[in-house]
Amino acid sequence: MDVISYLTTVNFGAGAATSLPQIMSELGLSRPLIVSDPGIVAAGLLDRPEFGALSGLPRFLDVPANPTESAVFAGLDAYRGAGCDGVIAIGGGSPIDLAKGIALLATHDGPLEQYAAILGGIARITPNVAPLIAIPTTAGTGSEVGRAALITLDDGRKLGFISGHLIPKRAICDPLLTLGLPAGLTAATALDALSHCIETYLSPRFNPPAEAIARDGFERIWKALPVAVREPTNVAARSDLMMGALEGGMTFQKGLGAVHSLSHALGGLKDLKLHHGLLNAILMPEVIRWNREVPEAAEKLNTLERLAGITEGTLAEELERLNQSLGTSARLSELGVSREIIGWICERALADHSHATNPRPLSATDYAQIIEAVY
Ligand SMILES: [Zn+2]
């Protein structure tokens, strides 16, 4: 196991989960709230011997697929009712984001809305956020080292809560926890992580260390994903995916781009509940074609193509081929997205926090063109 300190301290490696009792004592946690979801419980992950230290601790398992304001308050009730002193999130991005919301409101007065980034919330979030340990069980979102939590308010707005104080105090990344992840979920979550590496790398914000990390994450995921899908218990491939996902999360500070401004909008369609990673997989090739018109972006895409060992200029086509082989290819119409809401999606994308850092500026009409290409 290696210990890496960048944004937060990460215990990484096969078997890293066994360090949980040690980390709890380092952070002074004696009664943390365990936040997880029914899928994790059903998969038996909480019963693993590594998590023996958690038996008898209060649990909040009622985490929806996309975190909501009401779930934050239900979790907060559990936290206060049990007299908790911190939070341990175990799962994919949803339990981790929800845990960030609980850790925030455990020490900050409501309403939740006032802490949303677009409502001036960044300055209202103090270092006083309750301590959080994040243990991802997918290799995807990077939320274990990310500053943001995406939470849907009761009135339907999906808002970003962003602050360095929301970064988990510790992340434990143990690839052994991902060996049982089915192929479809492995692919969709890894393609989300791949899109984080590509979009942050192409973002025009100046941050060479983050770009170096994004390149490394891209290369690892590109090479390991087909192996992990073919051989689900290949620990080296699982480890590379988990590192790539972690690296994608480490580079969020550069900002994402049009893939995410569109997938956030589409992911907000309550009745469809579309998977974030699947949406990004579908949108990526078209957005790459769009961005290649900008010389700086084209140069970076060429660099990624060299790292991937593919012909320059073919990343979009290669991603389409990858989607075909992994079963992550679909048209938006097949997923139930109705033509009538395309205008609304484009307006939401323009207002998204990822919109401003796409290397080639987009208007509502441009967004509509991209959607049309994958519709
Ligand atoms: Zn994402």
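Nothing here was measured: the structure is a model prediction, and the numbers come from that model.

How each quantity is defined
- Residues numbered from 1 in each chain as written.
- Predicted model: local features only at pLDDT ≥ 70, side-chain atom pairs only at ≥ 80, totals over all residues.
- Helix = DSSP H or I, 4+ residues; strand = E, 2+ residues; numbered from the N terminus.
- Rg over C-alpha atoms; globule rule 2.2 N^0.38 Å.
- Contact = placed C-beta atoms within 7 Å.
- Domains from an automatic or database assignment.
- Nonpolar A, V, L, I, M, F, W, Y, C, P; charged D, E, K, R; others polar.
- Core = buried A, V, L, I, M, F, W, Y, C linked by C-beta atoms within 7 Å.
- Buried ≥ 20, exposed ≤ 12 C-beta atoms within 10 Å, placed from the backbone.
- Axes fitted to C-alpha atoms, helices over the stretch in contact; angles between N-to-C directions.
- Parallel < 35°, antiparallel > 145°, perpendicular 65-115°, else oblique.
- Left-handed = near helix turned anticlockwise from the far one by under 90°.
- Pairing = 2+ DSSP bridges.
- Expected span 1.5 Å × (residues − 1).
- Arc of directions from axis to C-beta.

## Points about the overall build of the chain
Phase 1: Along the backbone of the chain there are 13 helices and 9 strands.
Phase 2: In terms of overall size, the chain behaves like a compact globule, its C-alpha atoms giving a radius of gyration of 20 Å where 375 residues would be expected to give roughly 21 Å.
Phase 3: A principal-axis box enclosing the C-alpha atoms of the chain has dimensions of 55 × 45 × 40 Å.
Phase 4: Counting contacts in the chain only where the partners sit at least 6 residues apart, residues at least 24 apart contribute 77% of the total.

## A word on the domain arrangement of the chain
Phase 1: Each assigned domain of the chain is listed here: domain 1 (2-176) and domain 2 (180-374).
Phase 2: In this structure, domain 1 and domain 2 have C-alpha centres spaced 24 Å apart.
Phase 3: Contact with domain 1, which involves 23 residues of that partner, is made by 26 residues of domain 2.
Phase 4: Here the side of domain 1 that touches domain 2 is built from residues that sort into 12 nonpolar, 8 polar and 3 charged.

## What to know about unusual backbone geometry
Phase 1: That bond from glycine 110 to proline 111 is cis: its omega, -5°, falls within 30 degrees of zero.
Phase 2: Locating proline 111 in the fold gives a position in the loop between α4 (93-105) and β6 (132-136).
Phase 3: If you check the backbone angles, lysine 273 has positive phi at about 45° while not being a glycine.
Phase 4: Looking at where lysine 273 falls in the secondary structure, it is placed in the loop between α8 (258-267) and α9 (276-291).

## A few points about the nonpolar core
Phase 1: If you look at the biggest cluster of nonpolar residues, it comprises 115 residues, and the most contacted ones within it are Ile102 and Leu262.
Phase 2: For this core, the two domains that each supply at least three residues are domain 1 (2-176) and domain 2 (180-374).

## Notes on the packing of α9 against helix α11 (residues 315-326)
Phase 1: Closest axis-to-axis distance for the α9/α11 pair is 8 Å, and the angle between their directions is 165°. One finds that α9 runs roughly antiparallel with respect to α11. Two packed elements cross with a definite hand, and for α9 against α11 that hand is left-handed. Residues Ala281, Met284, Pro285, Ile288 and Arg289 of α9 pack against Leu315, Ala316, Leu319, Glu320 and Asn323 of α11.
Phase 2: Taken together, the residues of the contact of α9 with α11 break down into 7 nonpolar, 1 polar and 2 charged.

## Notes on the pairing of strand β7 (residues 148-152)
Phase 1: Within β7, 4 of the 5 residues are buried, which leaves it mostly tucked inside the rest of the structure.
Phase 2: Bridge count for β7 against strand β8 (residues 158-162) is 5 bridges, and the pairing is antiparallel. Residue pairing in the sheet places alanine 149 in a bridge with phenylalanine 161 of β8.
Phase 3: Count of turn residues in the β7/β8 antiparallel hairpin: 5 residues, of which glycine 156 carries a positive phi of about 100°.

## Quick word on the pairing of strand β9 (residues 170-173)
Phase 1: Neither face of β9 is open: one carries Arg170 and Ile172, the other Ala171 and Cys173, and all of them are buried.
Phase 2: Strand direction decides the pairing type here: strand β2 (residues 8-12) and β9, joined by 4 bridges, are parallel. Bridge pairing in β9 places valine 10 opposite alanine 171.
Phase 3: Both β6 and β9 contribute to a ladder of 2 bridges, which runs parallel. Opposite isoleucine 133, over in β9, you have arginine 170 as the bridge partner.

## Here we look at the environment of glutamate 199
Phase 1: Positionally, glutamate 199 belongs in helix α5 (residues 183-202).
Phase 2: Separated by 60 residues in the primary sequence, glutamate 199 and valine 259 place their C-alpha atoms 7.7 Å from one another.
Phase 3: Apart from the residues within four sequence positions on either side, glutamate 199 is in contact with Leu256, Gly257, Val259 and His260.

## Topic: the environment of leucine 7
Phase 1: Of note, leucine 7 is situated in the loop between β1 (2-6) and β2.
Phase 2: Separated by 119 residues in the primary sequence, leucine 7 and threonine 126 place their C-alpha atoms 17 Å from one another.
Phase 3: When neighbours within four sequence positions are excluded, leucine 7 is seen to be in contact with Val145, Ile167 and Met250.

## Here we look at the packing of α5 against helix α6 (residues 208-230)
Phase 1: Interhelical geometry of α5 versus α6 gives an angle of 160° and a closest axis separation of 8 Å. In terms of axis orientation, α5 runs roughly antiparallel to α6. You can see that α5 and α6 cross each other, and the crossing is left-handed. Across the interface between the two elements, Ala183, Thr186, Ala187, Ala190, Ala193, Leu194, Cys197, Ile198, Thr200 and Tyr201 from α5 touch Ala210, Glu211, Ala214, Arg215, Gly217, Phe218, Ile221, Trp222, Leu225, Ala228 and Val229 from α6.
Phase 2: Across the contact of α5 with α6, the residue classes tally to 16 nonpolar, 3 polar and 2 charged.

## Thoughts on helix α10 (residues 295-308)
Phase 1: With 14 residues, α10 should cover 20 Å at 1.5 Å per step; its first-to-last C-alpha distance of 20 Å lies within 8% of that length.
Phase 2: The set of residues buried in α10 consists of Ala297, Lys300, Leu301 and Leu304. Along α10, the residues classed as buried sweep out an arc of 105° about the axis, all on the same side. Along α10, the residues that are exposed and aim more than 90 degrees away from the buried face are Pro295, Glu299 and Arg306.
Phase 3: Where α10 terminates, the next one or two residues include glycine 309, which has phi positive at roughly 75°.

## Here we look at the environment of isoleucine 198
Phase 1: Tracing the chain through its elements places isoleucine 198 in helix α5.
Phase 2: Leave out the neighbours within four places in its chain, and isoleucine 198 touches Phe218 and Leu304.

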